[in-house]
Amino acid sequence: MEIIFGRNKKEHQEPVRARVTGKIPTWLQGTLLRNGPGMHTVGETRYNHWFDGLALLHSFTIRDSEVYYRSKYLRSDTYNANIEANRIVVSEFGTMAYPDPCKNIFSKAFSYLSHTIPDFTDNCLINIMKCGEDFYATTETNYIRKINPQSLETLEKVDYRKYVAVNLATSHPHYDAAGNVLNMGTSIVDKGKTKYVIFKIPATVPEDKKKGKSCLRHTEVFCSIPSHSLLSPSYYHSFGITENYIVFLEQPFKLDILKMATAYMRGVSWASCMTFHREDKTHIHIIDQRTRKPIGTKYYTDPMVVFHHVNAYEEDGCILFDVIAYKDSSLYQLFYLANLNQDFAENSKLTSTPTLKRFAVPLHVDKNAEVGSNLIKLVSTTATALKEKDGQVHCQPELLYEGLELPRINYVHNGKPYRYVFAAEVQWSPIPSKILKYDVLTKSSLTWGEEHCWPAEPLFVPRPGAKDEDDGIILSAIVSTDPQKPPFLLILDAQSFTELARASVEVDMHLDLHGLFIPDAQEPVPAEELWAGAHSGFSISDTTVSASTDEPQAGPQSQLLIPDRSGLVPTEEP
Ligand SMILES: CC1=C(/C=C/C(C)=C/C=C/C(C)=C/C=O)C(C)(C)CCC1
Ligand SMILES: [Fe+2]
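Residues numbered from 1 in each chain as written. Chains lettered and ligands numbered in written order. Predicted model: local features only at pLDDT ≥ 70, side-chain atom pairs only at ≥ 80, totals over all residues. Heavy atoms only, no water.

Visitor: How should the sheet that holds strand β27 (residues 355-362) be read in this particular structure?
Guide: Backbone-to-backbone hydrogen bonds pair the strands of a sheet. The strands run either parallel or antiparallel. Reading across from one edge, β25-β26-β27-β30 is the order of the 4 strands in this open sheet, with antiparallel pairing throughout. The open sheet is flanked by β25 (305-315) and β30 (398-402), the only strands paired with a single partner. Averaged over all pairs of adjacent strands, the angle between their axes in this sheet comes to 20°, without regard to strand direction. Inspection of the sheet shows β25 paired to strand β26 (residues 318-326) by 8 bridges, in the antiparallel sense. Looking across to β26, one finds that Y313 is bridged to L320. (Pairing = 2+ DSSP bridges. Helix = DSSP H or I, 4+ residues; strand = E, 2+ residues; numbered from the N terminus. Axes fitted to C-alpha atoms, helices over the stretch in contact; angles between N-to-C directions.)

Here you go:
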């Protein structure tokens, strides 16, 4: 396990041509771009938690049945400061860092005070977000980093707070059909209030405002929900959306703001300021997108911890939403690097299994319905919603599948009725060993697995013109613990879940977290022409990545506008 988690990974900035076996569908042209932690020690110092690792971006470019791999560390301010100091100097989720070890007592005290309201890290290691034609590496703080999706170069540092009052924001935004982004963040004790803010980043900028073209400048607050508590807002990692509603779970896994304010002084990490309150409820907030207001009814369910929403949709006056739920917050505990060692099998037994659960929420509560009656009349689910005497509604889920994480769906079905969940199967530990296709209708499943292979989140790419929900392929980057077996990009037929092809690369690949697929433009440039450097060929290349007026322009950004010769000649061939 040390090979997978503990060891720092080398970056491969120049494209490495993969050895392809099997047949890649000819329609599959584009770039799989992913993010995750790749460096866990700097000099003599080491991070405590896997989620602390420095962000390593990697990509697989699929062009005319060939695959090219690259990887590059995100040159965040955090990365640069650490490398320069040759030790960890910026705090992360599970590691509190002290930049000035030789300061005297007075300057130390000053430093403590200035850390009461900390400046969070820009080590954006969790996901990639698309805003208009721009791509950003994301984490859960107020910072995101613009990146060049082709060269993986790091561009501007963006502070969400410049556009919307949030101190934290999720790494799992939603996109509508036009590409507009809907995301959520938490505004902590701002003007005496703590609230959850839902905001929208438009995909396009009005013609007359094109001068400073960054979409983020046009971010607008969609709606905000007051937190139940001023000093202990809920932690959340994602949220759900249907055609007309937004689903937000205010769960009893909370951030303690007072603990956070004193964490630096007490020498403890941010993670230690998060507590699961097993005596509290999970509040279910349903926001009507048309009125931009939460529905008045108070819905709740039993205490639980959810990181990933799978999907949500409307059916006969109800909202159905599917999540991966835990009984407690033990998942975060397991990812301490000290647990991911030789005794991993013993240490990593899940005390709470990630379970796919379906909740049903009645949009209208019949005033005449009897107290204690089930308000859900759907035949499609056994989930219930019981009316209580004070008018609250207690929702109890239907258990669909035990032992899965990192869920993905065919995103065309996001917010709509759907059948298939693609996920990593996690039967006995939080580390996936198989990938899974689960059919929520028939409740049957298919899996893919191979000895010594550790798959990443499986990503679904629809076949152009597809009608069936599962007509497409699954992409997953697989790392292996067998030194004889190089890592590879696995390409499965999403219908049968059988292997179509694999592209092996002799590189040091990390286990990643999340990412996206950037399809090439409709009529891709022929490969010979492309690799000869005539065109950049990426869909983003013909849509200028703008020079915005208020953001510093990093040099490499303009490279997108000219053919990127540097990236076109593969350096190694296994
Ligand atoms: C740095 C930092 C944070 C980072 C959280 C991270 C990095 C969470 C990663 C979660 C993942 C990867 C979950 C997977 O299911 C907080 C706690 C938001 C707030 C304080 C500062
Ligand atoms: Fe996630």
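Following the structure, the description resumes.
Visitor: What am I meant to see in the nonpolar core here?
Guide: The nonpolar side chains of a soluble globular protein tend to be buried with one another. In terms of nonpolar packing, the biggest core is built from 121 residues, with F321, L356 and L475 touching the most fellow members. With residues up to four places along the chain from it excluded, the contact list for F321 reads V247, L249, I284, H309, N311, A312, K357, R358, F359 and V361. Of all hydrophobic cores here, the second largest spans 17 residues; its members include Y163, V181, F199 and I201. (Core = buried A, V, L, I, M, F, W, Y, C linked by side-chain atoms within 4.5 Å. Buried < 20%, exposed > 50% of the residue type's maximum accessible area, 1.4 Å probe, protein only. Contact = heavy atoms within 4.5 Å.)

Visitor: So what exactly am I meant to see when it comes to unusual backbone geometry here?
Guide: Outside of glycine, negative phi angles account for most residues, and trans bonds account for most peptide bonds. Positive phi, close to 45°, is recorded for D64, a residue that is not glycine. Within the fold, D64 resides in the loop between β7 (54-63) and β8 (66-73). Phi at L406 is positive, roughly 50°, even though this residue is not glycine. Mapped onto the elements of the fold, L406 is located in strand β31 (residues 404-408).

Visitor: Help me understand the environment of L513 in this model?
Guide: Secondary-structure assignment places L513 in the loop between β39 (499-504) and β40 (514-519). In this structure, the C-alpha to C-alpha distance between L513 and L406, residues 107 residues apart in sequence, is 8.1 Å. Not counting residues up to four positions away in its chain, the partners in contact with L513 are R34, N35, G36, P37, W50, L125, I126, L406 and E457.

Visitor: What is the right way to read the environment of Q392 from this model?
Guide: Take Q392: it is sitting in the loop between β28 (384-387) and β29 (393-396). In this structure, the C-alpha to C-alpha distance between Q392 and T291, residues 101 residues apart in sequence, is 22 Å. Polar side-chain contacts of Q392 include one of 3.2 Å to the side chain of D390. (Polar contact = N/O pair within 3.5 Å; in protein donor to acceptor, adjacent residues only side chain to side chain.)

Visitor: Would you mind going over the UniProt feature "binding site: Fe cation" (unreviewed entry) in the protein chain with me for this structure?
Guide: According to UniProt, the "binding site: Fe cation" (unreviewed entry) feature falls on H172, H237, H308 and H514. Separation in sequence by 343 residues is not matched in space for these annotated residues, since their most distant C-alpha atoms are only 12.6 Å apart. Within the fold, H237 resides in the loop between β17 (220-226) and β18 (240-241). H237 gets classed as buried once you look at its relative accessible area, which sits at 7%. Beyond its immediate sequence surroundings of up to four residues, H237 is in contact with I126, E140, T170, S171, H172, F307, H308 and H514. A distance of 2.4 Å separates polar atoms of two side chains, one belonging to H237 and the other to E140. (UniProt positions renumbered as here; feature names shortened; annotations may be inferred.)

Visitor: What's the story with the coordination of the iron ion (ligand 2) in this structure? I'm lost.
Guide: Tetrahedral coordination by four donors places them ideally at 109.5 degrees to one another around the metal; octahedral coordination by six donors ideally gives 90 or 180 degrees. Protein-derived ligands of the iron ion (ligand 2) are H172 (NE2), H237 (NE2), H308 (NE2) and H514 (NE2), with the metal-ligand distances lying across 2.1 Å. For the iron ion (ligand 2), the 4 donor atoms in the first shell make angles of 93 to 148° at the metal, a pattern classed as irregular. Mapping the donors of the iron ion (ligand 2) onto the primary sequence gives the spacing H-x64-H-x70-H-x205-H. Taken together, the positions of H172 in the loop between β13 (168-169) and β14 (174-175) and H514 in strand β40 put the pair 342 residues apart, joining distant regions of the chain. The same class applies to H172 as to H514, namely buried. (Donors = N, O, S within 2.8 Å, 3.2 Å for Na, K, Ca; no water. Tetrahedral: all angles 85-135°; square planar, octahedral: opposite > 155°, others 65-115°.)

Visitor: Teacher, can you tell me more about the pairing of β28 here?
Guide: Side-chain positions along a regular strand alternate between the two faces of the sheet. Summarising the sheet, β28 and β29 pair through 4 bridges and their orientation is antiparallel. For A385, the partnering residue across the bridge sits in β29 and is C395. Here β28 folds back onto β29 in antiparallel fashion, the turn holding 5 residues, of which G391 has a positive phi close to 90°.

Visitor: It is not clear to me how the confidence of the model for the protein chain should be interpreted in this structure. Could you clarify?
Guide: Where the model shows low pLDDT, its predicted coordinates should not be examined in detail. On average, residues of the protein chain carry a pLDDT of 87, and 84% of them reach 70 or more. In this model, residues 529-574 is a region of pLDDT below 50 whose contacts with residues beyond four sequence positions or in other chains number 100 contacts. Model confidence for the complex: the whole-complex pTM is 0.89, and ipTM, which rates the interface, is 0.96. (pLDDT = per-residue confidence, 0-100.)

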